[in-house]
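These are the residues of each chain, in order.
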Amino acid sequence: MGKSMKNENEAIIRDEELRWLLNAIQEVAKTGIRPDGLYWRASYTPEDAAAVALLKSYMEQAGMRVFFDAVGNLHGVLQGKSEQVIMAGSHRDTVRSGGKYDGMLGILSAICSAGRLYQRLGQPEKTLEVVAIVEEESSRFIASNYIGSCNLAGTMPASAFAITDADGISIQDAAASAGYQGMPPDRAREDIQHFVELHIEQGGVLEAEKKQIGIVTSIMGQWGGSVVLRGKQNHAGTTPMKLRQDPVPVMASFIHDMFSRVKPYEDEMVLTVGKIELFPGSVNVIPDRASFTFDIRSASQELGSRAMRMLEELRDKYSKKIEIEIIPAWEDAPVLLDSTGVRDIEELCRKLGLSYRIMTSGAGHDSQNMAQVYPTNVIFVPSEDGVSHDEREFTKPEDLQAGLTILSAYLKKLCWE
């Protein structure tokens, strides 16, 4: 076979892969539409079951043996000559009114890449396992904190099964009703040698810099919670300003000071106040209570810890005027990803002529839990207009093609070479 014929055949194969991926994205997206019209694939629901059935069929068509673990992660296995496992995948759940690429792209790309590699190269040297992970978004079980990947990493506490959704249904009951084992969680597997996750960037950096691939070196740490300020409810018209115990102006000053103190580190840390609430929330009533959420992210553990100390300092400063409580809700340390994998992916991008950027992930991913136990790498593809967690979420076909190309090349290196 001449070189030109080989190149032509490879181009045809790439086109077939892209067509399959584009069609699969649309087909799986249909499973996320609830009877009320809301796009939301919550864990252990009929929408989730429909997606699982479709993903299972895709895995089986690719020649994979499928099974479920304790919490309902779906696994597709291409048995290698060695029992050592290279695992690739992402999460299958969505946020409310979310998009069709977040999470699902990583699963479908892994199925597509693995299936085509197996078709072309035969049995891999190492076992290749694709996983569709349950409950990453915590959109049904608010405090669940990545139960699917924590189970994979063997770090899920038994107490997590008691966490309930808004209707009081526990994770254990929901998992059991969906046909999964639930308790007890699985232990960390000793056969997993590497985990790879392809994901949309969920930001606008790659698009702005016209890069096809993001090679992630670390996942930012996250510190979040709420601040509650308690005053004294009273009449808006009859209470003089000097006699008020109004939490609102104190809250405004507190928030202003927070952003002022973070500004010198704005290249290394981000701060978001995403929700403010007043109680009772009437137009002619001085509030009894005010609260706001905070979300702090940084790749530096020291900066994150310093930001939390800053909140305590502001609490002490303003609590002379009003009662203030800081309620931490989560703390995830920054995670470094596998440096050897970063170098290998960078070398493959150069070899394949793909433009790339070395970067940090500001969003949390299942990979941050896997990286606690296994060598882990994350690959980004651009998000158009930086949009994610929205039904407008979109990644251009040419960027999907680039993602498939680099994922396939990396899985080939890990499993077949």
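Calculation criteria
- Residues numbered from 1 in each chain as written.
- Predicted model: local features only at pLDDT ≥ 70, side-chain atom pairs only at ≥ 80, totals over all residues.
- Heavy atoms only, no water.
- Helix = DSSP H or I, 4+ residues; strand = E, 2+ residues; numbered from the N terminus.
- Buried < 20%, exposed > 50% of the residue type's maximum accessible area, 1.4 Å probe, protein only.
- Lys, Arg positive; Asp, Glu negative; His and termini not counted.
- Salt bridge = Lys/Arg side-chain N within 4 Å of Asp/Glu carboxyl O.
- Polar contact = N/O pair within 3.5 Å; in protein donor to acceptor, adjacent residues only side chain to side chain.
- Contact = heavy atoms within 4.5 Å.
- Phe/Tyr/Trp six-rings, centres within 6.5 Å; stacked < 30°, edge-to-face > 60°.
- Lys NZ or Arg CZ within 6 Å of the ring centre and 35° of its normal.
- Axes fitted to C-alpha atoms, helices over the stretch in contact; angles between N-to-C directions.
- Parallel < 35°, antiparallel > 145°, perpendicular 65-115°, else oblique.
- Left-handed = near helix turned anticlockwise from the far one by under 90°.
- Nonpolar A, V, L, I, M, F, W, Y, C, P; charged D, E, K, R; others polar.
- Pairing = 2+ DSSP bridges.
- Expected span 1.5 Å × (residues − 1).

**Digging into the side chain of aspartate 102**
- Residue position: aspartate 102 is located in the loop between β3 (82-91) and α3 (104-121).
- No salt bridge forms around the buried aspartate 102; measuring N to O, its nearest opposite-charge neighbour arginine 41 is 9.3 Å away.
- In terms of polar contacts, aspartate 102 uses its side chain to reach the side chain of histidine 199, at 3.0 Å.
- Apart from the residues lying within four places of it in its own chain, the contact partners of aspartate 102 are His91, Asp93, Glu137, His199, Ile200, Gln202, Ser388, His389 and Glu393.

**A closer look at the packing of aromatic side chains**
- For the structure on display, the rule yields 7 aromatic pairs.
- Seen in terms of ring centroids, phenylalanine 68 and tyrosine 180 are 5.3 Å apart; in terms of plane orientation they differ by 45°. Their pairing is tilted. Here phenylalanine 68, found in strand β1 (residues 65-68), pairs with tyrosine 180, found in the loop between α5 (171-177) and β5 (192-200); they are 112 residues apart in sequence, far enough to count as distant.
- Since its relative accessible area comes to 33%, phenylalanine 68 is described here as partly exposed.
- Judged by relative accessible area, tyrosine 180 falls into the buried class, the value being 12%.
- In this structure an aromatic cluster arises from ring pairing among Tyr44, Phe68, Phe141 and Tyr180.
- Here the guanidinium or amino end of arginine 96 rests over the ring plane of tryptophan 40, the centre of that ring lying 3.9 Å away.
- The residue whose ring lies beneath arginine 289 is phenylalanine 279, and the NZ or CZ to ring-centre distance is 4.0 Å.

**Digging into the packing of helix α9 (residues 339-352) against helix α11 (residues 397-415)**
- Interaxial distance between α9 and α11 falls to 10 Å at its minimum, and their mutual angle equals 125°. For the element pair α9 / α11, the angle class is oblique. The chirality of how α9 crosses α11 is right-handed. Taking contact as the criterion, the partners of Gly341, Asp344, Ile345, Leu348, Cys349 and Leu352 in α9 are, on α11, Thr405, Ile406, Ala409, Tyr410 and Lys413.
- Of the residues in the contact of α9 with α11, the class split is 7 nonpolar, 2 polar and 2 charged.

**Details of the pairing of strand β6 (residues 213-219)**
- Burial analysis of β6 places 6 of its 7 residues in the buried class, which makes it a mostly covered element.
- Here β6 pairs with strand β16 (residues 376-381) via 3 bridges, running antiparallel. Residue pairing in the sheet places valine 216 in a bridge with valine 378 of β16.
- In the sheet, β6 pairs with strand β14 (residues 335-336) via 2 bridges, with the strands oriented antiparallel. When the bridges of β14 are listed, serine 218 appears paired with leucine 336.

**Remarks on unusual backbone geometry**
- That bond from methionine 183 to proline 184 is cis: its omega, -10°, falls within 30 degrees of zero.
- Position of proline 184 among the secondary structure elements: in the loop between α5 and β5.
- With an omega of 10°, the peptide bond between phenylalanine 279 and proline 280 qualifies as cis.
- Even without a glycine there, the phi angle at tyrosine 44 is positive, about 60°.
- Structurally, tyrosine 44 can be placed in the loop between α1 (3-30) and α2 (46-61).
- Assessed through its relative accessible area of 7%, tyrosine 44 is described here as buried.

**Comments concerning helix α7 (residues 247-262)**
- For α7, which comprises 16 residues, the first-to-last C-alpha distance of 23 Å matches the rise-based estimate of 22 Å (1.5 Å per residue) to within 8%.
- Tucked into the core, α7 has its buried residues touching β7 (221-230), β9 (269-272), β10 (276-279), β12 (289-298), α8 (301-318) and β13 (323-332).
- If you check the start of α7, you find a side-chain oxygen 2.9 Å away from the backbone N of valine 248, and it comes from aspartate 246.

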